[in-house]
Every structure is written in structure tokens, then in C-alpha cells.
Amino acid sequence: MTHFSDVSRRAFLAGGAALLGASTLPLRAAAADLVPLTTALGWIPNAEYAGLWVALANGYFADEGIEGLYTPGGPNAPGVLVQLAADQCDFAGGDWIPFLEARARGNDFIVLGCNYPTSPAALMSLSGNPVLTPEDIVGKRILSQMPADANTLDFVLTKAGLEPGQYELVPTGFSPEPLLAGDGDAYMAYATNQPITFENMGMTAGEDFHVTLFSDLGYTVPGAPLVAKRAFVEENRDLVVHYLRALTRGWVENGKDPSQGARLAVETYGADFGLDLAQQTRQSELGQPLVTAPGGPGPFWFDTALIDSTVAPVAATAGIEAPVIAEEIVDLGPLEEALASL
């Protein structure tokens with residue numbers, strides 16, 4: 001049986017937690033007094049959103065006077081930024097290129113943080129022919145679900161002082177198994193997803209196969225930006241801080257035991273999607289370290305200098321002509337305030 005959680009979202013995405021001290025924790029408001037806030041998810045309710053499930057189940061949003069709501073994503077769901085533009089949600093888990101394209105169409109959206117300050121985007125390769133450095137990409141056949149992956153590979157090569165295009169992009173599907181069949185030399189993957197397929201075959205990462213994060217190859221674009229309307233943030237800044245405090249608190253708690261969020265995904269929030277508990281637990285384990293950047297103050301925080309050094313060049317490659325300036329598209333102020341109570 002193939003579970004939804006085993007399926008990569010790369011093609012779909014192309015279209016498209018602070019711990020409080022007891023003395024500062026507000027009393028839970030009565031349900032009638034809670035302010036409803038909705039988050040639009042880019043994919044189905046699985047372990048990718050483990051911190052959100054922990055925050056909801058443990059009442060962290062209620063602690064902040066918020067009724068935490070969400071809309072699930074998936075292949076047949078409307079785009080998260082479409083929902084945001086139509087006021088069908090208050091926060092959206094987006095992706096950089098769709099976010100910048102939406103801004104270019106006149107939507108005054110802003111990024112409040114990134115769910116994965118270290119992106120899970122990665123290259124998988126076998127130990128007999130490993131891809132561990134930009135130089136290793138040269139001459140390789142790269143299994144890919146999206147033609148746009150060429151932009152990422154060319155960025156890595158160019159940043160390393162190599163000529164772009166020195167590889168063959170081979171179309172493939174959601175599973176990394178064609179890598180085993182010899183259809184390619186490396187597979188464009190999510191470090192939180194496809195490696196589990198190999199692990200379930202009895203293979204060991206670092207011995208039988210390698211998972212090389214693109215951030216280790218020089219492509220340090222933070223993943224999964226959390227987006228809201230600028231006007232909403234300006235008019236409800238305290239409420240946004242409360243929301244981020246509950247959300248990041250959930251991720252901090254999940255970090256103590258990543259099986260928490262996985263079990264909630266399988267048994268409660270994603271119960272209709274046939275998720276596998278063992279797979280979801282492993283996904284939560286692999287994803288949790290990516291939620292907080294090395295040396296960062298907490299979940300969702302990223303270095304805004306990456307906007308100029310990585311996001312802007314990627315946007316230019318994607319044909320976005322509008323200037324990409326960190327001060328104009330990112331506001332980490334509410335997150336900073338939320339994380340101050342860690």
C-alpha cells in the first residue's frame with residue numbers, strides 16, 4: 001500500500017514554537033472568547049506539520065486566546081496563496097517562487113518566518129557513486145520530477161565556480177526506486193520523505209546511500225515560508241505574536257519526542273488519509289532538526305541575509321523581474337517577540 005505521506009510533493013509545490021514560563025502563560029480563555037485564526041496548509045495533514053498538531057492538541061493556541069483552525073492541502077485543494085488573497089485564511093504555508101509571483105501580481109504578502117530554515121530539499125545517491133559536493137554533480141544523470149529543478153542545480157554549480165548545465169535531467173516519479181534500478185545517478189528528494197523508502201528496504205543512510213542537503217551544496221534557501229497579509233499583521237500585531245508563540249511552542253514540544261506529532265497526524269488530524277505510524281514517526285524525526293537553523297534562536301527563524309544571497313538570484317532565474325529586498329518582503333519582528341519567551 002502506498003501512503004500519501006510516502007508521495008513527494010515536488011510537483012504539487014511547483015504549482016502552487018516558543019515555550020513559555022509558567023508565570024507568563026496566560027489562562028485559557030473560554031471557547032466563546034477565542035479568536036479564530038486559520039492556517040492554510042500546502043499538503044495533507046501529516047507529520048510535516050507535527051508542531052501544529054502538538055500545539056492544537058495541547059491547547060497552546062487556546063492558551064493564547066486563539067481558536068486554531070486549518071485548511072488541509074493536497075492535489076485537489078485550492079492554492080494556499082489563493083486562499084490567503086481571498087481572505088479564506090489568515091496564514092499560509094507557501095513557497096518562495098509562488099509567493100514572489102503573487103506579490104508581483106499586486107498582493108501585499110509578507111513572510112513571518114520559515115517552517116524549515118534549513119530546507120529538506122536534497123540529492124539522494126548510492127554509495128558506489130555518491131553525490132556529496134557540487135563537483136560530483138558534473139556529468140551525472142539527475143532523476144527529477146520537475147524541469148525547474150535545473151534552476152537549483154545550475155545555482156549550485158555556478159556558486160561553486162562551475163559551468164551550469166553539466167548534467168542530464170531525467171524525468172521520474174515520486175519514488176526513489178529508479179535510483180536503485182540505475183535509471184539515474186542521483187535523485188532530487190526531500191530529506192524527510194524518500195530516504196525512508198530506502199530505510200524500509202533495509203538500507204542505511206551514510207553506508208548504502210547518501211542524502212546530501214542542498215543547503216550543504218551552497219543552495220541555502222530557507223524552506224516553506226509562513227505568509228500573511230501585511231495589513232493583517234500591522235493591524236493585529238499582538239495577535240500574530242500570540243499565534244507564533246503557540247505554533248513555535250508546539251514545535252519545541254515536538255522536539256522532545258517527535259513521535260507526538262506523528263501520532264496526532266495519524267490518529268487525529270490526518271486520520272482520513274491512511275497514514276502509516278512508523279513512516280510518519282520517522283518523517284517527524286527527520287524533519288524536527290530542520291525546523292530550527294543552526295545557532296538560531298528558535299523555530300521558524302532564518303537569516304534575512306539569505307534573501308539577497310540566495311532567494312533573489314533564484315527569483316531572477318525564475319523570471320521574476322520585481323526586486324527581491326528582504327526589508328520589503330520579510331518581517332521577523334513578531335517571531336522575535338514570540339521567541340523571546342523561550
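Scroll up for the structure.
Residues numbered from 1 in each chain as written. Predicted model: local features only at pLDDT ≥ 70, side-chain atom pairs only at ≥ 80, totals over all residues. Heavy atoms only, no water.

A. Inspection of the overall build of the chain at higher detail. A tally of regular secondary structure across the chain gives 16 helices and ten strands. For the chain, whose C-alpha radius of gyration is 20 Å, the value lies close to the compact-globule estimate of 20 Å for 342 residues. With respect to the three principal axes, the spread of C-alpha positions in the chain is 60 × 45 × 40 Å. Burial analysis of the chain (342 residues in total) assigns 53% to the buried set. Summing over all exposed atoms, the chain offers an accessible surface of approximately 14000 Å²; the carbon and sulfur share of this is 52%. (Helix = DSSP H or I, 4+ residues; strand = E, 2+ residues; numbered from the N terminus. Rg over C-alpha atoms; globule rule 2.2 N^0.38 Å. Buried < 20%, exposed > 50% of the residue type's maximum accessible area, 1.4 Å probe, protein only. Areas by Shrake-Rupley, 256 points an atom, 1.4 Å probe, with all protein chains shown as cover.)

B. Fine view of the sheet that holds strand β4 (residues 109-116). Taken in spatial order, the five strands line up as β2-β1-β3-β10-β4 in an open sheet, and their pairing is mixed. The two strands at the open ends of the sheet, each matched to only one other strand, are β2 (66-71) and β4. This sheet shows a mean twist of 25 degrees between the axes of neighbouring strands, independent of strand direction. Here β4 pairs with strand β10 (residues 223-229) via six bridges, running antiparallel. Along β10, the bridge assignment pairs Ile-110 with Ala-228. (Pairing = 2+ DSSP bridges. Axes fitted to C-alpha atoms, helices over the stretch in contact; angles between N-to-C directions.)

C. Representation of helix α13 (residues 277-287) in the model. Looking only at α13, the buried set comprises Gln-279, Gln-280, Thr-281, Gln-283, Ser-284 and Gly-287. Taken together, the buried residues of α13 touch α2 (50-57), β4, α9 (194-200), α11 (237-256) and α12 (259-269). With a side-chain oxygen positioned 3.3 Å from the backbone nitrogen of Ala-278, the residue opening α13 is Asp-276. (Contact = heavy atoms within 4.5 Å. Polar contact = N/O pair within 3.5 Å; in protein donor to acceptor, adjacent residues only side chain to side chain.)

D. Looking closely at the side chain of Gln-194. In this fold, Gln-194 is placed in helix α9. A residue is classified by how much of its surface remains accessible, and Gln-194, at 0% relative accessible area, is buried. Among the polar contacts listed, one links the side chain of Gln-194 to the backbone oxygen of Phe-174, at a separation of 3.3 Å.

E. How the structure looks around the sheet that holds strand β5 (residues 121-126). The five strands are arranged β7-β6-β8-β5-β9 in an open sheet whose pairing can be described as mixed. At either margin of the open sheet sits one strand with a lone partner, and together these are β7 (167-171) and β9 (209-213). Here the average twist between neighbouring strands, direction ignored, is 30 degrees. One ladder, built from five bridges, connects strand β6 (residues 140-144) with β7; its direction is parallel. Bridge assignment links Ser-144 to a residue of β7, and that residue is Pro-171.

F. Inspection of the pattern of salt bridges at higher detail. Overall, the coordinates contain eleven salt bridges when judged by the stated rule. As a salt-bridge pair, Glu-253 and Lys-256 come within 3.2 Å of each other at their nearest N and O atoms. Taken together, the residues Glu-253 and Lys-256, both in helix α11 and three residues apart, mark about one turn of the helix. Owing to a relative accessible area of 17%, Glu-253 belongs among the buried residues under this scheme. Taking the relative accessible area as the measure of exposure, Lys-256 reaches 54% and is therefore exposed. Here Glu-285 ties to Arg-282 by a salt bridge, and the two come within 3.3 Å at their closest N and O atoms. Here the residue Glu-285 and the residue Arg-282 both occupy positions in helix α13, the gap between them amounting to three residues, near one helical turn. (Salt bridge = Lys/Arg side-chain N within 4 Å of Asp/Glu carboxyl O.)

G. Local environment of the packing of aromatic side chains. Tallying each qualifying case throughout the model produces twelve aromatic pairs. Ring geometry for Trp-53 versus Tyr-70: centroids 5.0 Å apart, planes at 65 degrees, classification edge-to-face. In this pair, Trp-53 is assigned in helix α2 and Tyr-70 in strand β2, connecting sequence segments 17 residues apart. Taken together, a centroid distance of 6.2 Å and an interplanar angle of 70 degrees make the contact between Tyr-70 and Tyr-269 edge-to-face. Pair noted here: Tyr-70 is in strand β2 and Tyr-269 is in helix α12, with a separation of 199 residues, a long-range link. In this structure Tyr-70 comes out as partly exposed when scored by relative accessible area, which is 25%. Through a chain of ring-to-ring contacts, the aromatic side chains of Tyr-49, Trp-53, Tyr-70 and Tyr-269 assemble into a single cluster. The ring of Tyr-60 has Arg-249 sitting right over it, with the charged end atom 3.7 Å from the ring centre. (Phe/Tyr/Trp six-rings, centres within 6.5 Å; stacked < 30°, edge-to-face > 60°. Lys NZ or Arg CZ within 6 Å of the ring centre and 35° of its normal.)

H. Main features of the packing of α12 against α13. The N-to-C vectors of α12 and α13 enclose an angle of 140 degrees; their axes lie 8 Å apart at closest approach. The orientation of α12 with respect to α13, classified from their angle, is oblique. Between α12 and α13 the crossing geometry is right-handed. Along the contact surface, α12 presents Ser-259, Ala-262, Arg-263, Ala-265 and Val-266, while α13 presents Leu-277, Gln-280, Thr-281 and Ser-284. Residues that form the contact of α12 with α13 fall into these classes: four nonpolar, four polar and one charged. (Parallel < 35°, antiparallel > 145°, perpendicular 65-115°, else oblique. Left-handed = near helix turned anticlockwise from the far one by under 90°. Nonpolar A, V, L, I, M, F, W, Y, C, P; charged D, E, K, R; others polar.)

I. Inspection of the nonpolar core at higher detail. Grouped together as the largest cluster of nonpolar side chains are 86 residues, with contacts concentrated most on Trp-96 and Leu-123. The leading source of residues in this core is α11, at eight residues. Apart from residues lying up to four places away in sequence, Trp-96 is in contact with Val-111, Cys-114, Val-221, Pro-222, Pro-225, Phe-302, Ile-307, Val-311, Ile-329 and Val-330. In terms of nonpolar packing, the next biggest core, distinct from the first, is built from nine residues, Val-170, Tyr-187, Ala-189 and Phe-209 among them. (Core = buried A, V, L, I, M, F, W, Y, C linked by side-chain atoms within 4.5 Å.)

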